[in-house]
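Descriptive analysis of the structure
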Amino acid sequence: ILNDYGLRVEGKSYWRIEDITVDRSNIYIGGGGAHDIYVVGNEVKNYKAWTGNNPGLILIGRADTTGLYNIFIWNNVLHDFLTCTDSTCATALPWNQVYTHMVGVVTNVSAQDYAGFDAGGTGYVEIKNNTIYNMPNAFFFKNPTAGPFIIKNNTIYDTRTIGYVAASNVTLDRNLLYNVGAGWSGVGRSPYTDP
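The rules behind these values
- Residues numbered from 1 in each chain as written.
- Predicted model: local features only at pLDDT ≥ 70, side-chain atom pairs only at ≥ 80, totals over all residues.
- Heavy atoms only, no water.
- Disulfide = S-S within 2.5 Å.
- Buried < 20%, exposed > 50% of the residue type's maximum accessible area, 1.4 Å probe, protein only.
- Helix = DSSP H or I, 4+ residues; strand = E, 2+ residues; numbered from the N terminus.
- Pairing = 2+ DSSP bridges.
- Axes fitted to C-alpha atoms, helices over the stretch in contact; angles between N-to-C directions.
- Contact = heavy atoms within 4.5 Å.

Glancing now at the state of the cysteines. Counted according to the given criterion, the structure contains one disulfide. The residue that forms a disulfide with Cys84 is Cys89, at a sulfur-sulfur distance of 1.7 Å. Take Cys84 and Cys89: they sit in the same class, and that class is buried.

In structure tokens:
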């Protein structure tokens, strides 16, 4: 069974998701015009998902033409992903056994690529002071965004890549990374040859 959207915030603003554990599912933030959403001090873990859905432990979904902005992802522990080979999810493999660029701890699926440059896209997103591990990729920013994405003071380890990016306005500042197999790559391109 696919366990998408254990906690879903759709088209809402001024929400704070704090001090909860999401086990075997994820957090979804979406809907046009949603803003000032805080995801603080949570643990999200053991997510099993089909990569064709562009999953993420925290998924910032398409916001259509009005954009999402002011999304704050602070002080969370985000770890462990099982990937399914098809939409039935009859079998799943751990994060380090399947090569995929279609998943991240934080995944953004901005609307700009679908609806044109003036679609709004995703605005300011701050990813700060999180602990991230046992993931295929730390980040998957699938489409162009208004941005910026600020990635600051996170500890990232035991991931295959930092991530895949189509966003044009991303800043990494004082993150600690170790046992990370590769850096950034453009969406759809491999940063290394998979063993």
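For strand β13 (residues 131-141), the buried fraction is high: 10 of the 11 residues fall into the buried class. Bridge count between strand β9 (residues 77-84) and β13: three bridges; the pairing is parallel. Of the residues in β13, the one forming a bridge with His79 is Tyr133. Both strand β11 (residues 104-108) and β13 contribute to a ladder of three bridges, which runs parallel. Across the sheet, Val106 pairs through a bridge with Phe139, a residue of β13. Bridge analysis of β13 against strand β15 (residues 155-165) gives eight bridges, and the strand direction is parallel. Each residue of the ladder has a partner; that of Phe140, found in β15, is Tyr164.

This paragraph deals with the sheet that holds strand β5 (residues 35-40). Here six strands make up an open sheet; going across it, the order is β2-β5-β8-β12-β14-β16 and the pairing parallel. Two strands close off the open sheet at either side, each with one partner strand: β2 (15-18) and β16 (170-173). Mean inter-strand twist for the sheet, computed between neighbouring axes without regard to direction, equals 10 degrees. Sheet topology places β5 next to strand β8 (residues 69-74); five bridges connect them, and they run parallel. Residue Tyr38 lies in a different strand from β8, and its bridge partner there is Phe72.

To continue, consider the environment of Phe81. Note that Phe81 resides in strand β9. Once the C-alpha coordinates of Phe81 and Tyr133 are considered, the two residues, 52 residues apart in sequence, prove to be 9.4 Å apart. The residues contacting Phe81, other than those within four sequence positions of it, are Tyr47, Ala49, Pro55, Leu93, Pro94, Trp95, Val103, Asn134, Met135 and Pro136.

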